[in-house]
Amino acid sequence: MQRTPELLRLLLDAEVEFVIIGGVAAIAYGSATFTQDFDVTASFREENLSRLLTALGSLHPRYALAVPKRPVTETAAELSANRNLYLLTDLGRLDVLSEVVPVGSYEQVAARATTLELYGRPCRIISLDDLITVKHHLGRDKDRLVERELLALRARQQAGKP
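Presented here is an overview of the structure given in this document.

Turning our eyes to something else, we now look at the overall build of the chain. Within the chain one finds 7 helices and 9 strands. Against the 2.2 N^0.38 benchmark of 15 Å for 162 residues, the chain shows a C-alpha radius of gyration of 16 Å, consistent with a compact globule. Referenced to the eigenvectors of the C-alpha coordinate spread, the extents of the chain come out at roughly 50 × 30 × 30 Å. A separation threshold of at least 6 residues defines the contact pool for the chain, and within that pool the share at least 24 residues apart is 61%.

Have a look at this one:
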């Protein structure tokens with residue numbers, strides 16, 4: 001069972017540098033989509049990954065794509081060589097990406113990110129325009145549906161309607 005609010009709180013409390021992307025970001029903008037994981041882009045600097053590992057330490061982080069789902073035992077320095085981390089935790093799945101194709105690196109996404117309140121906390125979220133670009137690029141049926149919904153939400157915003 002995905003427990004995104006609790007996972008988010010842990011990352012925020014640990015001061016992990018990240019921007020929310022994917023389905024949770026779409027929901028923050030008003031989408032009615034459903035998601036089974038929590039996607040973020042984050043700095044893969046050793047200090048940031050150290051904060052991430054500390055935040056997740058008691059949640060038994062495991063590699064989501066490994067067979068079997070082996071525990072994360074690498075140090076932050078070792079993990080900093082990765083481009084992405086796909087993790088299972090006791091609170092659900094967390095995908096940590098160093099870049100968001102086709103938008104760019106964590107730093108590029110973060111530079112255009114917006115801050116919205118999510119689950120009662122201010123959070124950095126991928127910009128609506130960037131999220132629409134990502135959904136269009138992915139091109140899967142589920143992403144096309146969300147893209148159309150986000151385009152409609154953006155049009156309502158631009159028209160000044162709630």
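This part takes up the pattern of salt bridges. For the structure shown, the criterion picks out 15 salt bridges. One salt bridge in this structure joins E6 and R3, with 2.7 Å as the shortest N-O distance. The exposure class of E6 is partly exposed, given its relative accessible area of 29%. Put simply, R154 and D129 hold a salt bridge, and the shortest N to O gap is 2.6 Å. Here R154 is found in helix α7 (residues 141-158), whereas its partner D129 is found in helix α6 (residues 128-138), with 25 residues between them in sequence. We classify R154 as partly exposed; its relative accessible area is 23%. A single network of salt bridges, built from pairs that share partners, joins E17, R45, E47 and R51.

Moving on to the packing of α6 against α7. One can describe the packing of α6 onto α7 by two numbers: an axis separation of 8 Å at closest approach and a directional angle of 155 degrees. Taken together, the axes of α6 and α7 are roughly antiparallel relative to one another. Considering how the two elements wind past one another, α6 and α7 form a crossing that is left-handed. Contacts from L128, D129, L131, I132, K135, H136 and L138 of α6 reach α7 at D143, R144, V146, E147, L150, L151, R154 and Q157. Broken down by class, the residue content of the contact of α6 with α7 amounts to 7 nonpolar, 2 polar and 6 charged.

Turning to its location among the elements, D37 is positioned in strand β2 (residues 37-42). No salt bridge forms around the buried D37; measuring N to O, its nearest opposite-charge neighbour R93 is 4.9 Å away. Only 3.1 Å separates the side chain of D37 from the side chain of T35, close enough to count as a polar contact. In this view, D37 contacts Q2, V24, R93 and D95; residues no more than four positions away in its chain are not counted.

Attention now moves to the nonpolar core. Grouped together as the largest cluster of nonpolar side chains are 47 residues, with contacts concentrated most on I20, F38, L52, L85, L94 and I126. Once residues within four sequence positions are removed from consideration, F38 is found in contact with Q2, T4, L7, L8, L11, I20, V24, R93, L94 and D95.

Looking only at α6, the buried set comprises L128, D130, L131, I132, V134 and K135. Against the buried residues of α6 lie α2 (22-28), β6 (99-100), α5 (106-112) and α7. Where α6 ends, the next residue or the one after it, G139, has phi of about 70 degrees, a positive value.

Here the focus is unusual backbone geometry. The omega torsion of the bond from V67 to P68 falls at -5 degrees, within 30 degrees of zero and hence cis. Among the structural elements, P68 can be located in the loop between β3 (62-63) and α4 (76-79). Between V101 and the following residue, P102, the backbone shows a cis peptide bond with an omega angle of 5 degrees. In this fold, P102 is placed in the loop between β6 and β7 (104-105).

Calculation notes
Residues numbered from 1 in each chain as written. Predicted model: local features only at pLDDT ≥ 70, side-chain atom pairs only at ≥ 80, totals over all residues. Heavy atoms only, no water. Helix = DSSP H or I, 4+ residues; strand = E, 2+ residues; numbered from the N terminus. Rg over C-alpha atoms; globule rule 2.2 N^0.38 Å. Contact = heavy atoms within 4.5 Å. Salt bridge = Lys/Arg side-chain N within 4 Å of Asp/Glu carboxyl O. Buried < 20%, exposed > 50% of the residue type's maximum accessible area, 1.4 Å probe, protein only. Axes fitted to C-alpha atoms, helices over the stretch in contact; angles between N-to-C directions. Parallel < 35°, antiparallel > 145°, perpendicular 65-115°, else oblique. Left-handed = near helix turned anticlockwise from the far one by under 90°. Nonpolar A, V, L, I, M, F, W, Y, C, P; charged D, E, K, R; others polar. Lys, Arg positive; Asp, Glu negative; His and termini not counted. Polar contact = N/O pair within 3.5 Å; in protein donor to acceptor, adjacent residues only side chain to side chain. Core = buried A, V, L, I, M, F, W, Y, C linked by side-chain atoms within 4.5 Å.

Note that all results are geometric; they support no functional claim without further evidence.
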